Amino acid sequence: MIDLRSDTISRPTPAMRIAMAEAEVGDDVYSDDPTVKALEARVAEILGKEDAVYVPTGTMSNQIALRAHTEPGDAVLCEAGAHVYSVEGASTAALSGITVRHLQGERGIFTAAQVAAAVYPRHPFMPKSVPPPVKLLCLENTHNLAGGTVWPLAAVAEVATTAREHGLALHLDGARLWHAAVVTGVPESDFAAHFDSVSVCFSKGLGAPVGSALAGTSDFVARARRFKQMFGGGFRQAGIIAAGALYAVDNHRERLAEDHTKARTFAEGIANTAGIEVDLESVETNIVRFGVTALAAADFTERCHAAGVHMVPGGPDQVRAVMHLDISTDDVETALDVVRGAVSP
Ligand SMILES: *Cc1c(COP(=O)(O)O)cnc(C)c1O
């Protein structure tokens, strides 16, 4: 099976498994795990932050950040298709008691003017106690639902400046910040510099089995550790999985360019196929979102699955294919044949 459902399905490589098997471990809840600490220090260094905390999932990482930046009743601004809002099980409401205000982006990218317009104006006729206080702006780079699209550094800076002017804190959902860094040549720390907190995933394109990290100032991370425990994220001998993440961070970042090339090859390969619509400009990293007009996306993905290519529908006529380190160049060619066969009458 050529599995293009997500980059999360990638499995640890043999070298990564050796690093994991040999990892020194301790009890992470007691801050005793040397491998977890090494990973946290390495991530803080890459992101140019004072500290970082290793957590089980990207969802937990984001939700700890949102909780740490807000109080119940506060509001958070994010893009309409943001992962923190659309696919994290309504945890903003359930875990933090916060509401979300949406900004409709273009391929996931919104503007500083949209941020300014979304923050309630401090007009003397408007009682301060009425609108939910907007405390945080959350931005996603690369943007998953938009198809792995990249926020350019200049656009990040513009939006961040406006958010600061309105007194907002800033959180970056950088699950795939690694991809943005590779494709733009801008170091992760340059993006991270605009944010109070940054979440990164090890279990996506980097190919590690488990985990994410949340970085920020020492004070912020100390507060985040409290919510990590509260949300049930204290995981004892986590060094075994942290070793996989550390290996991935040090060995699998540059190779992400190969996944971007595979995505481009795949997108260009389906671009002129009757029954398929793809916006080539939206394919910037390792994710290809495309439209299927020949048949329902659900039927299309079932046909492809029967022919050995696994993808998930992202809507009634939308499909997502994600490239990762378990997919070879030959697999891409095979997948192209299968996709073309599935839409041919
Ligand atoms: C995958 C993902 C997450 C969450 O990661 P999990 O480990 O699956 O919880 C957060 N944000 C974005 C943009 C993602 O793609």
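The rules behind each value
Residues numbered from 1 in each chain as written. Predicted model: local features only at pLDDT ≥ 70, side-chain atom pairs only at ≥ 80, totals over all residues. Heavy atoms only, no water. Disulfide = S-S within 2.5 Å. Near = heavy atom within 4 Å. Polar contact = N/O pair within 3.5 Å; in protein donor to acceptor, adjacent residues only side chain to side chain. Areas by Shrake-Rupley, 256 points an atom, 1.4 Å probe, with all protein chains shown as cover. Helix = DSSP H or I, 4+ residues; strand = E, 2+ residues; numbered from the N terminus. Nonpolar A, V, L, I, M, F, W, Y, C, P; charged D, E, K, R; others polar. Domains from an automatic or database assignment. Contact = heavy atoms within 4.5 Å. Buried area = accessible area lost by both parts, 1.4 Å probe. Salt bridge = Lys/Arg side-chain N within 4 Å of Asp/Glu carboxyl O. Core = buried A, V, L, I, M, F, W, Y, C linked by side-chain atoms within 4.5 Å. Buried < 20%, exposed > 50% of the residue type's maximum accessible area, 1.4 Å probe, protein only.

Engineer: Tell me about the state of the cysteines, residues and numbers included.
Structural biologist: Tallied over the full model, the rule gives 0 disulfides. For the unlinked cysteine Cys 78, the closest cysteine sulfur is that of Cys 138, found at 6.0 Å.

Engineer: Give me the lowdown on the site of the ligand, citing residues and values where you can.
Structural biologist: Around the ligand there are 13 residues in total, and Gly 58, Thr 59, Asp 173, Arg 176 and Lys 204 lie nearest to it. In this structure, Asp 173 approaches the ligand through a side-chain N or O atom, which is 2.6 Å from a nitrogen atom. Between Lys 204 and the ligand, the recorded distance is 2.9 Å, taken from a side-chain N or O atom to an oxygen atom. In isolation the ligand offers 380 Å² of accessible surface; the protein chains occlude 86% of this area. A total of 3 residues in the shell around the ligand trace back to one element, the largest contributor, which is helix 3 (residues 58-69). For the shell around the ligand, the residue count by class is 2 nonpolar, 6 polar and 5 charged.

Engineer: Give a description of the domain arrangement of the chain that names residues and reports values.
Structural biologist: Annotation of the chain at the domain level lists domain 1 (14-251) and domain 2 (255-342). Once you take the C-alpha centre of each, domain 1 and domain 2 turn out to be 28 Å apart. Counting from both sides, the interface comprises 17 residues of domain 1 and, opposite them, 14 residues of domain 2. Carbon and sulfur atoms supply 54% of the area buried between domain 1 and domain 2, which totals about 1,400 Å² over both sides. If you sort the residues of domain 1 by the area they bury against domain 2, Arg 107, Gly 147 and His 179 come out on top, with a joint share of 34%. Linking domain 1 with domain 2 are 2 salt bridges. Between Asp 279 and Arg 107 there is a salt bridge; the shortest N-O distance is 3.1 Å.

Engineer: Mind laying out the nonpolar core, listing which residues take part and the relevant values?
Structural biologist: Within the largest apolar cluster, 56 residues are counted, with the highest numbers of intra-cluster contacts made by Tyr 54, Leu 77, Leu 137, Val 200 and Phe 202. It is helix 11 (residues 239-251) that contributes the most residues to this core, 7 residues altogether. Beyond its immediate stretch of four places on either side in the chain, Leu 77 contacts Arg 101, Leu 103, Val 115, Ala 118, Val 119, Val 134, Leu 136, Leu 137, Cys 138 and Leu 168. Counting 29 residues, the second-largest nonpolar core is a separate cluster that includes Val 278, Val 283, Leu 295 and Cys 304.

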